[in-house]
Amino acid sequence: MIKLLFKSLLFFLLLLITLNLLSLIVMKITPLTSFFNIHKNAEWVYSAIDKSHATISNDTIIVGDSVAHQLIPPSSYNLIMTGAATLAGQYIVIHNVIKNSKTIKKVVFIYYPGSFKFGYDNKYTYNNFIKPFYCRENISLFDQSTQHKLHRHKYYYLYMLPMSKVLPIFSLIDCENSESKNFITSEDYDDVINYIRLIHQLCEERKIEFIVISPPVSMTHKEQFDFVKFKKIISANNLSGVFYNYFQSLEFKDDKYYKDSWHFKDEYELEMSAYFQAKFKHFLSHSN
Amino acid sequence: MPPRIILLWTFAMAFNSFSYLLFVTIVYLAYYFSKDSFRWFVLFVASMAFYSALRAPHLIVILLTITTISYFIGLWIDQSTSLKAKKYLLISGISANALTLISLKYLPFITHNINIMIRFTASFVLSLQDKPKMVFFVLTPVNTAIVSIGVSYYIFQAISYLIDIYWETEKPERHFGHFALYMSFFPKLLQGPIERAGDLLPQFKRPYIFDYDNARSGMLFFAWGLFKKMVIADRLALLVDPVYNNIHDHNGFQFIIATYCYALQIYFDFSGYTDMAIGTAKLFNINLTQNFNRPYLATSVADFWRRWHISFSRWILDYIFKPVQMSLRYWGQWGATIALMVTFLISGIWHGANWGFIVWGLLHGFYMASAAIFRPFHKKLFNRLNINTKSTFYRTLQVFFVFNLVSFAWIFFRANSISDAAYIVTSIQTHLFNSDFIHNFMYPYPGLEIISGNALILVAALLLATFNSQIFTVQKYSSFYRWSFYLALVSSTLFLGVYDDVKFIYNRF
């Protein structure tokens, strides 16, 4: 029995090493094949990360959440991800794109109100935030609060290992832990304030215009989201200027346009997209 | 009860889940540290916990009821001195088992079909009358949501146990606990193998001696089964399901490829499960029946059934075919033909209340019966044409032919309804070489996707289907090769496995 236990332990150690070595190889060859499907459930996020590492020859970039995805057509300057990528993820993408593309003059940030409430262990957050962003090269870009919250998670050290980025079994975490609240963002929007401030500072340093706007919001969401509190927090943190356009342009639409009080129904997607682009034409305009 | 135990209890434990690995580890440790006289109890409690993880309390009640009834009827059959009394007891025992199975699995199907017939008759009769005077009643539909997982397997065990006692080929088990464990032993509870009392019961009574090689072999069986299920079967399912679930979007060529893929999928799914069951049981020094022996290398349909779901085919051979054939022995060739058709009809019905399974069973019955009828003509013809039936070429042709016959029958088994199956069969004949055929070869999706994108998996599946049992010879090699193989096996399962919520196909039977 002792022999079996010892050999099993040795096997698991060797397996751990093998899995991580193989994961490093798979990560290298992933651009060549989609066979391993390591971008599963978060294709938009990986696409935005890839674009942020390349040079964009445009003066405007658009970032945002999945609702923004329905409103803006795909393009080289569209770096829209999802709400589950969290503001920390949005910040990293903006940081990288500004660092790599010197032509950027304007960052348009389209965010549905509810997306500001995304924590680090909500449903979809593992695949959209932890897996793509929680790696050694990004650690220095996280604020103290985020690092603290991530380190509170009992498996955080596992998420740094290469195998956690590749093995499909890790993708299940989103589904299984959707109800867990180990390190969720608090209701007082600490992280939102921190990252909006960081993005704002980054843009100011490079003389880049930072515009935050909202997609049309459903009536149901209007009831669910505490706009008064959110506005108060923004104001208390001296970010009213950054959110000026957000609150000015905020408008509410009938629930008939929405499938889940956030996203538009397929049949209204084109109509809403055209409407939104016309409404914010002055912000979304760009020159190549 | 500590929270972690509750957590373990409430998880549905599929063999390919972490909760099952944890469960087996705990049971193994408890078994290892228990006294010999107490070990059956550890396994019985574990089996009950395993079954109750399905969260269907009625299943536990039914299992215990069937166990109790079969146990006592077995004893009474043995104690009865009159042959007539033995016969009545056997009939009552079989009836109790069969009625339980029918009421759980087939009542919804039966009432649904009776209602269709009533409605058809009613509309016909009423159309003949100017002023309708007759009143027709339809049966209340039975809830189809009743779970019957595992029932078919242990009921077949109970029936074979009673018949064996009646035939006096087995002695009844006097220890209720051992008998209850024979019925409920968790590795084989949900999907078999269907074990005979004479094979399994003595193993529960043997003192347990830890055997390193056995434990290692058990782990290898388990890992191999997991690989077959998660890497091969579940990946093939990704090719099969979109075709079979959207038949109107696909053509004959795609149906052929999807059907071949399904033939491999069901084999790897089921044999993967069996390997995991065998592996788990080996940890407790218990040997379960090997259910598969490279079935797609069969050279006849009869040979296929000697290699496919072996515990089940032995069961239907011993307890259905042989008795029916005996009772029809004076009918000669036709008696054997009827016996084959009846046997395979029951085989189809056993798989579930669905016309597709019935047609699948009848097709196999037809294959076997026609082979039996035409065998003398075949022999004469081959002798006259001087065909060497032992040549490799001839055997390869036979394997190919049988694989196609079996795959054709799988269409009815897999299709979502009998009308879907009819559509698929028609499409294969009428829409195979249309313009889409060329199109699908030229453009990758969805036709070529099946061939190119997953070619590796398909090739691996075919190779493994051929050389499956050779895998276990790895244990004879040096440590370096063995460990390299183990690492490759587990790593590839973790890298290439499908981790969505995919169920075992044979769980539902």
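Nothing here was measured: the structure is a model prediction, and the numbers come from that model. (Residues numbered from 1 in each chain as written. Chains lettered and ligands numbered in written order. Predicted model: local features only at pLDDT ≥ 70, side-chain atom pairs only at ≥ 80, totals over all residues. Heavy atoms only, no water.)

Turning next to the overall build of chain A. If you tally the helices and strands in chain A, you get 16 helices and 5 strands. Buried residues in chain A amount to 53% of all 288 residues. Taking as baseline every contact in chain A between residues at least 6 positions apart, the subset at least 24 positions apart corresponds to 77%. As displayed, chain A offers around 13,800 Å² of accessible surface, 57% of which is attributable to carbon and sulfur atoms. (Helix = DSSP H or I, 4+ residues; strand = E, 2+ residues; numbered from the N terminus. Buried < 20%, exposed > 50% of the residue type's maximum accessible area, 1.4 Å probe, protein only. Contact = heavy atoms within 4.5 Å. Areas by Shrake-Rupley, 256 points an atom, 1.4 Å probe, with all protein chains shown as cover.)

A separate point is the interface of chain B and chain A. If you look at the interface, chain B gives 23 residues, while chain A gives 22 residues. Note on chain B versus chain A: buried area summed over both sides is about 2,200 Å², and carbon and sulfur give 81% of it. Area buried by chain B at its contact with chain A is led by Y212, W483 and F495 of chain B, which between them contribute 33% of it. Joining chain B to chain A, the criterion identifies 0 salt bridges. In this assembly, chain B and chain A are joined by 0 residue pairs in polar contact (both at pLDDT 80 or more). Considered class by class, the residues forming the side of chain B that touches chain A number 17 nonpolar, 4 polar and 2 charged. (Buried area = accessible area lost by both parts, 1.4 Å probe. Salt bridge = Lys/Arg side-chain N within 4 Å of Asp/Glu carboxyl O. Polar contact = N/O pair within 3.5 Å; in protein donor to acceptor, adjacent residues only side chain to side chain. Nonpolar A, V, L, I, M, F, W, Y, C, P; charged D, E, K, R; others polar.)

Residue and element names in this part refer to chain A. Read from one edge to the other, the open sheet built from 3 strands follows the order β1-β2-β3, with strand pairing classed as parallel. Strands with a single pairing partner mark the edges of an open sheet, and in this sheet they are β1 (60-64) and β3 (209-213). On average, each strand axis in the sheet is inclined to that of its neighbour by 20°, with strand direction left out of account. Bridge count for β1 against strand β2 (residues 106-110) is 5 bridges, and the pairing is parallel. For G64, the partnering residue across the bridge sits in β2 and is I110. Docked against the sheet, helix α11 (residues 190-205) engages β2 and β3, running at close to 145° with respect to β3. (Pairing = 2+ DSSP bridges. Axes fitted to C-alpha atoms, helices over the stretch in contact; angles between N-to-C directions.)

Right, let's talk about the nonpolar core for a bit. F116 and F243 of chain A together with Y296 and W410 of chain B are the most contacted members of the largest nonpolar core, which totals 243 residues. If sequence neighbours within four positions are ignored, W410 of chain B has contacts with Y262, A263, I266, Y296, F304, W308 and W360 of chain B. (Core = buried A, V, L, I, M, F, W, Y, C linked by side-chain atoms within 4.5 Å.)

This part is about a nonpolar patch on the surface. Residues and elements named next belong to chain A. Taken together, F6, L10, L14, I17, L21, L24 and M27 make up a surface patch of nonpolar side chains, about 630 Å² in accessible area. The residue L14 is located in helix α1 (residues 2-29) in this model. The exposure class of L14 is partly exposed, given its relative accessible area of 33%. (Patch = residues over 30% accessible without salt bridge, like charges linked within 9 Å, V, L, I, M, F, W, Y side chains within 5 Å.)

Here we come to the pattern of salt bridges. Residue and element names in this part refer to chain B. Taken as a whole and judged by the stated rule, the model has 17 salt bridges over all chains. Across the pair K228 and D275 runs a salt bridge whose closest N-O atoms are separated by 2.8 Å. Note that K228 is positioned in helix α10 (residues 212-245) and D275 in helix α11 (residues 252-283), a separation of 47 residues in sequence. An identical accessibility class is assigned to K228 and D275; each is buried. For the salt bridge of R307 with D303, the shortest nitrogen-to-oxygen distance reads 3.3 Å. Placement of both R307 and D303 in helix α12 (residues 301-307) is noted, with a separation of 4 residues, approximately one turn of the helix. Pair check on accessibility: R307 and D303 agree, each one buried. Here the residues in one salt-bridge network are D78, K171 and R174, joined through shared partners.

With that settled, the discussion passes to the confidence of the model for chain A. The predicted structure's coordinates, where accompanied by low pLDDT, should not be read in detail. Residue and element names in this part refer to chain A. Residue-level pLDDT values for chain A average 83, and 89% of them are 70 or greater. Taken element by element, the predicted model of chain A shows its lowest mean pLDDT in helix α10 (residues 173-176) (62) and its highest in strand β4 (residues 217-218) (92). Residue range residues 180-185 is modelled with pLDDT below 50. Its contacts to residues more than four positions away, or to other chains, number 23 contacts. (pLDDT = per-residue confidence, 0-100.)

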